[in-house]
Amino acid sequence: MDVQGYFQNLVDAFVTGATKSGFKAVTDRVVLNPVEKDGEPCWELLLKNTALKLTTDVAPGGGNNLSKKLGFDKGEFKILISPRETIKKGEPWNIKESAVELAYIARDLSKTAPDLLLGVHCDFSVVQTGDPRPAHPLFHAQLTSRLVKLNDLIDGTNLERMKSLPQFRLPTAHMSLPSVLLLVAADHFRQQQYLDFLKELRKTMPFPCMSNARFTTRADGRGMRSCAWYPS
Amino acid sequence: MKTNRTVLLFEDDEDDRPRIIASLKKALPKDVEVIPFLGKGTTKKGTYEARILKDFKDEIDKAELIICDQDLSTIKDYTGLSAQVITAIAHAEGIPLALYGRGPEDYMMKRMKERRPFFERRFVLHLDSAGWDTEEFAKKARIILDGCQRIRQFLETNLGKDGQKVSDGTPAKWMSKLLDKPEIINRLELYGSGDQQYLSSLVASAKQGFATKAVRVLAAELSYWLWDSILRFPGITVNTVAAASALNLSPTAWNHAETQALFAPALYRGPFGVDKKFWWRNELQAIVERHGVTDGFEVLKLKKMKHAEASSCSVKPSMPAGYYCMLSEKPVALENSRGEIPYFPAGADLARISRKEFAKIAPWAGLKVT
């Protein structure tokens, strides 16, 4: 199975949907590095340029209504998505680990620095060795200003809004890269572009490995696909 | 009666015209007739476009390519005829169009300064007024003609000459079939998601009565798209400089016969791949990955090739490159270049502008400097 080809296609389809929805975006190369996890050969998936960047203008009367929502007349709204996933070789539909950072940034041109509106870190790990971390839902999203992979890209951004948030780990569906792309598409693409991307995603969507015995008995991998949670 | 293929030439300079015709006749296939437009015609009223379509219907119907001077103005009975009129006719009739101008070539820089979109639905040839090489000019015209013919024949075979099946697919789908690369359809959509949305409306309108010309029009548009966008901006295919840069190889290491042999399976052999060489970017990468390493430099070292040498950024040579500057046409590092250029296709992730060139062009092109 062409793992790189599958993920590259998905990233390209996502960026197509974004540009057709009015965002400025350029696709990025999906890179697979060979690594070992639990003594098994795996791929580590990254983006060559670290993150996908979707940018759109904020202006009064703009079709996206952002000027009203964000409360300023002239600026820019940006979405950054940065993944790191570990995929078991030989069974490409199994993701052993995933960490995806998602950042929403608004730039009011009358201010000196952009603001981090929302920083989210979605991750899970189903590695076999060791106990799962205490008090960590298997799949969760964490609201945070500490975005490690996106750190260089948000350099100079005002993080105050997110810094004061308490610890907050929300149990979720497995939010791997395809799931996070779908989240953004559902919230920010035009209707047809969102439907096109959902259709592309539903052709195949990677499952997490459910090889940890603590969770296998509790979870049915098929039912936990996030794309099953959306109507139409 | 044998029907010749024809190429129409619109050139108003009476000294240049025979020289251009002579060079074209030498370069083009023997069955191709070069017909110069000399004006005259019987229709005297109406727009130039209407008059040409009426008086020269046969020539227009048989034309496989139009070659047109950008500075037309003094053709007999057609004083003031402009390339814009010929462009309109070419687009409406689905005849591939190649414009040419005089003066040294500075294509990409000029286009950005004038804020022209990256997809302009025409080919551009060049006559350098300082040292006009008619043979180079004619050779390029031949490449364009052959490429366009190949695309048209593919579509006629797959869509039928009457274009009944045109609306069964999207331009990206037809392009992926033409190139025999179904796996790149999403990347092609990215090359088409900006200014090329009209390509989709073209397909939709095939249902509404222009079906008889649908194949011809679609063939011409796919030809422009392939030449001016997909092959020009590295992402799906790469030219020789971009290939070396993406593989982290110096030009010398890349051009070495052993390296070329190693990566030969990735050579692009589609339309227009004659004059310049292109490679399939994914296939270059696949060759690297099969060796279990991260780039071309590692492959050459693994194979103990003595000519192995890493790439270097044209802005800061101590750094490896990885990308391609569209203005300087040199390898460049991510850190020393700017991406997300609005004029570039969203799928061309290797296409960037070096910081030095960007600083020069940004004010002209309306780009933010910071």
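Just so we're clear, the structure is a prediction, and the values are computed from it rather than from any experiment.

*Asks:* Break down the overall build of chain B for me, with residues and values.
*Replies:* When helices and strands are tallied, chain B shows 16 helices and 13 strands. When contacts within chain B are restricted to residue pairs at least 6 apart in sequence, those whose partners lie at least 24 apart make up 69%. When the accessible area of chain B is evaluated, it comes to approximately 16,700 Å², of which 51% is carbon and sulfur surface.

*Asks:* Before we move on, could you go through a negative patch on the surface and cite the residues and values that matter?
*Replies:* Residues D2 of chain A together with D180, E183 and E289 of chain B make up a contiguous surface patch of negative charge. In this fold, D180 of chain B is placed in the loop between α7 (171–178) and α8 (185–192).

*Asks:* Give me the lowdown on the sheet that holds strand β12 (residues 337–338) of chain B, citing residues and values where you can.
*Replies:* All names here are of chain B. If you walk across this open sheet you meet the four strands as β11-β10-β13-β12, and the pairing is mixed. In the strand order of this sheet, the two ends are held by β11 (331–333) and β12, each with one partner. Against the sheet, helix α16 (residues 355–365) contacts β10 (322–325), β12 and β13 (351–354), and its axis sits at roughly 80° relative to β13.

*Asks:* Which residues make up the pairing of β10 of chain B, and what values go with them?
*Replies:* All names here are of chain B. Where β10 lies against β11, three bridges are found, and the strand directions are antiparallel. Bridged to Y324 within β11 is P331. Between the end of β10 and the start of β11, which pair antiparallel, lie five residues, with E329 showing a positive phi angle near 60°. Pairing of β10 with β13, which is carried by two bridges, proceeds in the parallel orientation. Within β13, the position partnered with Y324 by the bridge is A351.

*Asks:* Please provide a residue-by-residue account of the pairing of strand β6 (residues 97–102) of chain B, values included.
*Replies:* Residue and element names in this part refer to chain B. Counting buried residues along β6, five of its six residues qualify, which places the element largely inside the surrounding structure. Two elements, β6 and strand β7 (residues 123–127), share five bridges in a ladder whose sense is parallel. Pairing of G101 across the sheet is with H126, part of β7.

*Asks:* So, the environment of G5 of chain A: which residues are in play, and what are the values?
*Replies:* Residues and elements named next belong to chain A. With respect to the secondary-structure elements, G5 resides in helix α1 (residues 3–20). Judged by its relative accessible area of 16%, G5 is buried. Through-space distance from the C-alpha of G5 to that of V30 is 8.5 Å; in sequence the pair is 25 residues apart.

Conventions adopted
- Numbering of residues begins from 1 in every chain and follows the order in which that chain's sequence is written.
- Chain letters and ligand numbers both follow the written order, the letters beginning at A and the numbers at 1.
- The predicted nature of this model means local features are confined to residues of pLDDT at least 70 and side-chain atom pairs, given and counted, to a pLDDT of 80 or more, with totals for whole chains, interfaces and linings taken over all residues.
- For side-chain calculations, the full set of non-hydrogen atoms in the structure is used, while hydrogens and water are omitted.
- Numbering goes from the N terminus for both helices and strands, where a helix is a DSSP run of H or I of at least four residues and a strand is a run of E of at least two.
- Residue contacts are counted whenever heavy atoms from the two residues lie within 4.5 Å of one another.
- Per-residue accessibility takes into account occlusion by the displayed protein chains alone, with areas from the Shrake-Rupley method and a 1.4 Å probe.
- In this scheme, patches are assembled from residues that exceed 30% relative accessible area and form no salt bridge. Like charges are connected within 9 Å, while nonpolar side chains (Val, Leu, Ile, Met, Phe, Trp, Tyr) are connected within 5 Å.
- What counts as a salt bridge is simple: a side-chain nitrogen of Lys or Arg found within 4 Å of a carboxyl oxygen of Asp or Glu.
- In summary, the charge assignment counts Lys and Arg as positive and Asp and Glu as negative, without counting His or the chain termini.
- Taken as the charge location is NZ of Lys, CZ of Arg, CG of Asp or CD of Glu.
- Strand pairing follows a simple DSSP-based rule, namely that at least 2 bridges must link the two strands.
- In this description, a line fitted to the C-alpha atoms serves as the axis of each element, helices being fitted only across the stretch in contact, and the angle between N-to-C directions of two axes falls anywhere from 0 to 180 degrees.
- Buried means the residue's accessible area, taken with a 1.4 Å probe over protein chains only, is under 20% of the maximum for its type, while exposed means over 50%, and partly exposed covers the values in between.

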